[in-house]
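Structural overview for review
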Amino acid sequence: MNYQWYPGHMTKARRMMLEDSKLIDLVIELVDARVPMSSRNPDIDEIARGKSRIILLNKADLADGKYNSQWIDYFAKKGVYALEINARSGAGIKNILPLVQKACQEKIERDRKRGIINRPVRAMVVGIPNVGKSTFINSFAGKACAKTGNRPGVTKGKQWIRLNKNLELLDTPGILWPKFEDQKIGQRLAMIGSISDEILEPEELAGAVIAYLEKEYPRMLKARYQMTDTEKEPVGNSSGTDDKTGDKDCEAAREILKEICISRRCFQKGETPDLPRAARMVLDDFRSGKIGKITLEYPEEWT
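In what follows, the accompanying structure is described. Not measured: the values here are computed from a predicted model.

Here's the deal with the overall build of the protein
Per the secondary structure count, the protein includes 11 helices and six strands. The burial tally for the protein puts 52% of its 303 residues in the buried class. By sequence separation, contacts in the protein at least 24 residues apart represent 69% of the contacts at least 6 residues apart. Summing over all exposed atoms, the protein offers an accessible surface of approximately 15200 Å²; the carbon and sulfur share of this is 47%.

Focus: the packing of aromatic side chains
In the structure shown here, the tally under the stated rule is seven aromatic pairs. Grouping aromatic residues by their ring pairs yields a cluster made of Trp71, Tyr74 and Phe75. Here the basic side chain of Arg34 rests over the ring of Phe286, its NZ or CZ set 5.9 Å away from the ring centre.

Section: unusual backbone geometry
The phi dihedral of Lys59 falls on the positive side, at around 60 degrees, and the residue is not glycine. The residue Lys59 is located in the loop between strand E2 (52–58) and helix H3 (65–77) in this model. Residue classification places Lys59 among the buried residues on the basis of a relative accessible area of 16%. In this structure, Asn130 takes a positive phi of about 65 degrees despite not being glycine. Relative to the elements of secondary structure, Asn130 occurs in the loop between strand E4 (121–126) and helix H6 (133–141). Classification of Asn130 as buried rests on a relative accessible area of 13%.

Focus: the pairing of strand E5 (residues 159–164)
Where E5 lies against strand E6 (residues 167–171), five bridges are found, and the strand directions are antiparallel. Within E6, the residue paired with Arg162 across the bridge is Glu168. Between E5 and the antiparallel strand that follows it, E6, lie two residues.

A look at the environment of Val209
Here Val209 shows up in helix H8 (residues 202–216). Val209 sits in the buried class, given a relative accessible area of 1%. Separated by 87 residues in the primary sequence, Val209 and Leu296 place their C-alpha atoms 9.6 Å from one another. Sequence-distant contacts of Val209, that is, excluding residues within four places in its chain, are made with Met191, Val282, Leu283 and Phe286.

What to know about the pattern of salt bridges
Tallied over the full model, the rule gives 20 salt bridges. Note that Arg53 is salt-bridged to Glu29, the shortest N-O span being 3.0 Å. Taken together, the residues Arg53 in strand E2 and Glu29 in strand E1 (residues 26–32) connect sequence positions 24 residues apart. Across this residue pair, the class does not change: Arg53 and Glu29 are buried. Here Arg53 ties to Asp45 by a salt bridge, and the two come within 3.4 Å at their closest N and O atoms. Among the charged side chains, a network of salt bridges with common partners joins Asp25, Lys107, Asp111 and Arg119.

What counts and how
- Throughout this document, residue positions are counted from 1 along each chain, in the order its sequence is written.
- Note on the predicted model: pLDDT of at least 70 is required for a residue's local features to be given, and 80 or more for side-chain atom pairs to be given and counted; whole-chain, interface and lining totals, by contrast, use all residues.
- Excluding hydrogens and water, the side-chain figures rest on all heavy atoms present in the structure.
- Think of it this way: any DSSP run of H or I at least four residues long counts as a helix, any run of E at least two long counts as a strand, and we number them from the N terminus.
- Relative accessibility under 20% of the residue-type maximum defines a buried residue, over 50% an exposed one, and the middle range a partly exposed one, all with a 1.4 Å probe and only protein chains included.
- By the convention used here, residues are in contact when the closest approach between their heavy atoms is within 4.5 Å.
- All accessible-area figures derive from a Shrake-Rupley calculation using a 1.4 Å probe, and residue coverage is judged against the displayed protein chains alone.
- Only Phe, Tyr and Trp rings are paired, with Trp represented by its six-membered ring, and only when their centres lie within 6.5 Å; those with planes under 30 degrees apart are stacked, over 60 edge-to-face, the remainder tilted.
- Geometrically, a charge over a ring is one whose NZ (Lys) or CZ (Arg) sits within 6 Å of the ring centre while staying within 35 degrees of the ring normal.
- When DSSP finds at least two bridges between two strands, those strands are taken to pair.
- The rule for a salt bridge is simple: a side-chain nitrogen of Lys or Arg has to be within 4 Å of a carboxyl oxygen of Asp or Glu.

See below:
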């Protein structure tokens, strides 16, 4: 499956963000803690050129905790302020204001020397679709300021929100970039729900999730779906790089999906396994954290 999604409104949104970048002091970039680098839009670097930067690892509660701290260290070594948060529960939100002050210290000091007192920091909140920008803004503001939804593409236009006398936020639409040079990045974004499910093949995507979990978190699927241990060859652990190896892994993942159908009684008429239904269930359970706390990429991949 070729992973790509760049609807026309994203081009318009990118142009709008470039224009609005002239008005701001700080860029607050939300990424998904399960894929902190794959969920960073490379176009943001151009939009944020010359601005202070903060990266927020949102949905940290869905990621493997030991890797969250490794990612914070990774960004710190690159001179980037980073913080893990859970916008839905509010975890980590109270630590953001001090970080804003730290990131914008030079700007605040420059204003003070010019005699400008209490001029608020203006921050643009950016990120890919479905990363939780609007939920973050509502949690940060302590009230419903931005429209939210558990699907990509909810925010269509910009919106200024005055948080307090010291900080104003600009909510922006989630944007991807025109082409994924590495399809592994596209696959990861599809897994976490940042690409519209309407253009995806659920069975193939669920198979990719299953293959990854069997390799990196082998007990989670059995625990979630009460499957019995089998003597099948582990998915994703085959040696070699040819097409036959990939076909073998796909078939093994499909067999596990059939087992999930049996365990959860996902059948069509005649006791035929309902693979599409089981696939959607696996994807929903993975994205919501019901399978477990899972990280899809690690800092050493990006060093």
